[in-house]
Amino acid sequence: MSSSVQFSFIIGWIAMLAGGLAFWQMSRGLSPKQKHHGVAAMTIVFVAFASYFAMALGQGDIAYNGRDVFFARYTDWVITTPILLVSLAMMATDALSRLRTLVCALIAADVYMIITGLVGNLSTAPYNYYWWVISMVAFFVVLGLIWKPLAAEAVNGPNPGAFKTLATMLTVLWICYPIVWLIGSSGFNVISTAVESWLYLVLDVTAKVGFGFVALGAARKQA
């Protein structure tokens, strides 16, 4: 592991820990009806903190097919991205149980996307690209569920403006992840591992800490 890659991981766990502490403070100002937003935001960043801390210590990767595979990233994503989707759904409606089928479908497609991405990362060419395509199909299912049935529910929800902002954030940021995967060490390898690590760091901090600030800011304005 190069010093630049390790430094990106150090910055990552510091950013996630700082975000978690900030969310804890913000959550104290939430009404009891909105506390679940704080729990989701803190869970997301503290899981990410553990992932980045492990990678900074050299415990989150394995040598496979002549390169480092950072499995800690996928462990993070398979836990945090479903919570992000649940958080988005909670912004769409106050009656989450009524959307349990939709939420389960979102989580299932999301987990499938992450796992097939990991399989691709553990594969050599051309099989890695096959798995990337399969993962992308699941990703488009996730986007379809967000922008069709969930968005339709959010129109009459407690905060349609915040939902649209958060859904747009997730869409734009999550589109960038498979691009980095494809041009990085998992795919065509046209960027260095250091650049790849820093790109993932920016995406992770924005998608987790940034998302949390927007979600909690919106929740604090609700009754």
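Data block above holds the structure.
So, here's what we can say about the structure. (Residues numbered from 1 in each chain as written. Predicted model: local features only at pLDDT ≥ 70, side-chain atom pairs only at ≥ 80, totals over all residues. Heavy atoms only, no water.)

### Some remarks on the overall build of the protein chain
Helix and strand content of the protein chain: seven helices and two strands. The linear arrangement of helices and strands in the protein chain, starting from the amino end, is α-α-β-β-α-α-α-α-α. The principal-axis extents of the C-alpha atoms in the protein chain amount to approximately 55 × 35 × 20 Å. When each of the 223 residues of the protein chain is scored for burial, the buried share is 50%. Expressed as a percentage of contacts within the protein chain between residues at least 6 apart in sequence, the contacts between residues at least 24 apart total 75%. Only carbon and sulfur atoms are counted for the fraction: they give 71% of the accessible area of the protein chain, which is about 10,000 Å². Positive and negative side-chain charges of the protein chain, numbering 12 and 8 respectively, have mean locations separated by a distance of 14 Å. (Helix = DSSP H or I, 4+ residues; strand = E, 2+ residues; numbered from the N terminus. Buried < 20%, exposed > 50% of the residue type's maximum accessible area, 1.4 Å probe, protein only. Contact = heavy atoms within 4.5 Å. Areas by Shrake-Rupley, 256 points an atom, 1.4 Å probe, with all protein chains shown as cover. Lys, Arg positive; Asp, Glu negative; His and termini not counted. Charge placed at Lys NZ, Arg CZ, Asp CG, Glu CD.)

### Some points on the nonpolar core
Soluble globular proteins: nonpolar side chains tend toward being buried together. Residues Leu88, Ile146, Leu150, Phe163, Trp174 and Phe211 are the most contacted members of the largest nonpolar core, which totals 47 residues. Counting only elements with at least two residues in this core, the list comes to helix H2 (35–56), helix H3 (71–92), helix H4 (100–121), helix H5 (127–154), helix H6 (160–183) and helix H7 (193–221). Looking at this core, the element that brings in the most residues is H6, giving 12 residues. Ignoring sequence-local partners within four residues, the contact set of Ile146 consists of Leu85, Leu88, Leu106, Ala151, Phe163 and Ala167. Judged by nonpolar contacts, the second largest core, of 20 residues, contains Phe9, Met26, Ala48 and Val209. (Core = buried A, V, L, I, M, F, W, Y, C linked by side-chain atoms within 4.5 Å.)

### Comments concerning unusual backbone geometry
Apart from glycine, the bulk of residues carry a negative phi angle, and the bulk of peptide bonds sit in the trans form. Between Ala125 and the following residue, Pro126, the backbone shows a cis peptide bond with an omega angle of 5°. Topologically, Pro126 is positioned in the loop between H4 and H5. Backbone geometry places Asn65, a non-glycine residue, at a positive phi of 55°. By secondary structure assignment, the location of Asn65 is in the loop between strand S1 (62–64) and strand S2 (67–69). The class of Asn65 is partly exposed, set by a relative accessible area of 46%.

### Some details on the packing of helix H1 (residues 3–27) against H7
Their axes nearest at 9 Å, the elements H1 and H7 cross at an angle of 5°. Here H1 is positioned roughly parallel relative to H7, judged by the angle of their axes. (Axes fitted to C-alpha atoms, helices over the stretch in contact; angles between N-to-C directions. Parallel < 35°, antiparallel > 145°, perpendicular 65-115°, else oblique.)

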